[in-house]
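# Survey of secondary and tertiary structure
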Amino acid sequence: QYILGIETSCDETAAAVVKNGTVIMSNVVASQIESHKRFGGVVPEIASRHHVEQIIFVIEEAMEKANVKFSDLTGIAVTSGPGLVGALLIGVETAKTLAFAHSLPLIPVHHIAGHIYANRLVAEMEFPLVALVVSGGHTELIYMKDHGHFQVIGETRDDAAGEAYDKVARLLDLPYPGGPHIDRLAAKGQVVIDFPRAWLEDESFDFSFSGLKSAVINTVHNAHQRGVQLKPEDVAASFQDSVTEVLVKKTILAAEKFGAKQILLAGGVAANRGLRNRLSKAVEDFKHLQLIIPPLHLCTDNAAMIAAAGSVFYEKGIRADLSLNANPGLSLSRFSTEP
Ligand code: ATP
Ligand code: MG
Ligand code: FE
């Protein structure tokens, strides 16, 4: 089985070929970060334009590197949401055109399901499991009783973790996207500031990062006004300590409550070394709990993860026809993997 995956939900134009849902034959990502950097964030119109310019070349390169022809493919999987509507549309229309031209099945994939399935490129998934999704737009705990079943058991009530990282990075004058820069700084700093942790109600698996973000902004501004020198690396380390403590504790609690055999880490912030280390340490206390963490290049947006999810959905009989549309607000709980 060979699935071509196509991903254009945000600012990465990506295509990949995955064999049998687990083996990466090619994984091509054209990043637009350089174009968005000077605006300090993703500009939707610029993203769409780049996707239009890049998509055909990216797909051709993915097919060439995998050394497959369209007649070798089993199906084409494409991110249909959530994301920027104009960006998603480029991938969806391209996938529809190719599926029609080559008489191939078309498989719609939820972007966050894709992030979760990046883990299947690393190890076989065992159910039940709990996935922690931490990305630029999402922070969610997801319970999966089986392939293709996604139950959102907790989510952020305000900012996503990646959003908080990027905003704190901007405050510290670090370039966009700031997550990796904070990560690097934090490794050099000390946890000297006691930033708040949003535990919310007992038993809640929801998250909140806007209070933490405000606390960091206030602390930095107050210090500045009083002429006190705060080391940016200490601010980064203290901020990261607050974020990762809450993420890790809630994930472990969820895994215990739902009797999970595995914890999967997913999304761009899963590239964070502080989070990876802390979660790895925490899981060591639980003999029967296995942790899967994708390598960095499979944590951030890519199409191999879309093809990996598409492979499973294909086996379940999920198909889209040419009426498939981009859905910027597609919900994961309601995203059906039943045909
Ligand atoms: P979504 O998947 O929710 O639609 P997205 O696709 O834009 O959003 P991703 O590409 O999955 O998000 O992740 C990008 C985010 O990950 C950015 O906010 C970035 O700062 C953050 N990020 C990347 N590397 C790291 C890191 N090492 N530490 C912390 N954050 C990081
Ligand atoms: Mg991105
Ligand atoms: Fe993403």
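Residues numbered from 1 in each chain as written. Chains lettered and ligands numbered in written order. Predicted model: local features only at pLDDT ≥ 70, side-chain atom pairs only at ≥ 80, totals over all residues.

### Here we look at the sheet that holds strand 8 (residues 151-155)
Pairing in this open sheet of five strands is mixed, and the strands run 8-7-6-9-10 from one edge to the other. Lying at the two open borders of the sheet, with one neighbouring strand each, are strand 8 and strand 10 (290-292). When strand polarity is set aside, the average angle formed by the axes of neighbouring strands in this sheet is 20°. Of the pairings in the sheet, the one linking strand 6 (residues 129-134) to strand 7 (residues 139-144) comprises six bridges and is antiparallel in character. Directly across from V133, in strand 7, lies its bridge partner E140. (Pairing = 2+ DSSP bridges. Helix = DSSP H or I, 4+ residues; strand = E, 2+ residues; numbered from the N terminus. Axes fitted to C-alpha atoms, helices over the stretch in contact; angles between N-to-C directions.)

### A look at the UniProt feature "binding site: Fe cation" (unreviewed entry) in the protein chain
Using the residue numbers shown here, the UniProt feature "binding site: Fe cation" (unreviewed entry) corresponds to H111, H115 and D301. These residues run over 191 residues, yet every pair of their C-alpha atoms falls within 8.9 Å of each other. Its location among the elements puts H111 in helix 4 (residues 111-117). H111 has contacts with S9, T79, G81, P82 and G83, leaving out every residue within four places of it along the chain. Look past the residues within four positions of H115 in its chain and what remains in contact with it is V133, S135, A266, G267 and M305. (UniProt positions renumbered as here; feature names shortened; annotations may be inferred. Contact = placed C-beta atoms within 7 Å.)

### Observations concerning unusual backbone geometry
The general pattern is negative phi for most residues beyond glycine and trans for most peptide bonds. Omega for the peptide link from G81 to P82 comes to -10°, which places this bond in the cis form. Here P82 lies in the loop between strand 4 (75-81) and helix 3 (85-101). Following Y176, the chain continues to P177 via a peptide bond in cis, the omega torsion being -10°. Relative to the helices and strands, P177 is located in the loop between helix 5 (161-171) and helix 6 (179-188). Positive phi values are uncommon outside glycine, yet N20 reaches one of about 55°. Assignment of secondary structure puts N20 in the loop between strand 2 (12-19) and strand 3 (23-31). A residue is classified by how many C-beta atoms lie within 10 Å of it, and N20, with 11 of them, is exposed. The phi dihedral of E203 is positive, around 75°, even though this residue is not glycine. (Buried ≥ 20, exposed ≤ 12 C-beta atoms within 10 Å, placed from the backbone.)

### Let's talk about the environment of G81
Secondary-structure assignment places G81 in strand 4. Along the sequence, G81 and I46 sit 35 residues apart, while their C-alpha atoms lie 19 Å from each other. G81 has contacts with L88, H110, H111, A326, N327, P328, G329 and L330, leaving out every residue within four places of it along the chain.

### Side note on the site of ligand 1
Near ligand 1 you find 24 residues, and of these G136, G137, G162, G179 and G268 are the closest. Broken down by secondary-structure element, the contributors of at least two residues to the shell around ligand 1 are helix 4, helix 5 and helix 6. Here the shell around ligand 1 is built from residues that sort into six nonpolar, 15 polar and three charged. (Near = placed C-beta within 6 Å. Nonpolar A, V, L, I, M, F, W, Y, C, P; charged D, E, K, R; others polar.)

### Focus on the pairing of strand 5 (residues 106-110)
The buried fraction of strand 5 amounts to five of the five residues, a majority that puts the element mostly inside the structure. Taking every second residue as pointing to the same face, both faces of strand 5 are buried, with L106, P108 and H110 on one and I107 and V109 on the other. Bridge analysis of strand 4 against strand 5 gives five bridges, and the strand direction is parallel. What sits directly across from G81, in strand 5, is H110. For the crossover from strand 4 across helix 3 to strand 5, the handedness is right-handed. (Right-handed = clockwise from strand over helix to strand, strands pointing away.)

### Re the UniProt feature "domain: Gcp-like" (unreviewed entry) in the protein chain
Using the residue numbers shown here, the UniProt feature "domain: Gcp-like" (unreviewed entry) corresponds to residues 24-307. Its end C-alpha atoms 9 Å apart, residues 24-307 is made of 47% helix and 16% strand.

### Remarks on the sheet that holds strand 3
Spatially, 3-2-1-4-5 is the arrangement adopted by the five strands of the open sheet, whose pairing is mixed. The open sheet has two edge strands with one neighbour each: strand 3 and strand 5. Adjacent strand axes in the sheet meet at a mean angle of 20°, parallel and antiparallel pairs treated alike. On top of the sheet, helix 3 reaches strand 1 (2-7), strand 4 and strand 5; it is set at about 155° to strand 4, its chief contact. Seen against the sheet, helix 11 (residues 304-315) touches strand 1, strand 2, strand 3, strand 4 and strand 5 and runs at an angle of roughly 130° to strand 1.

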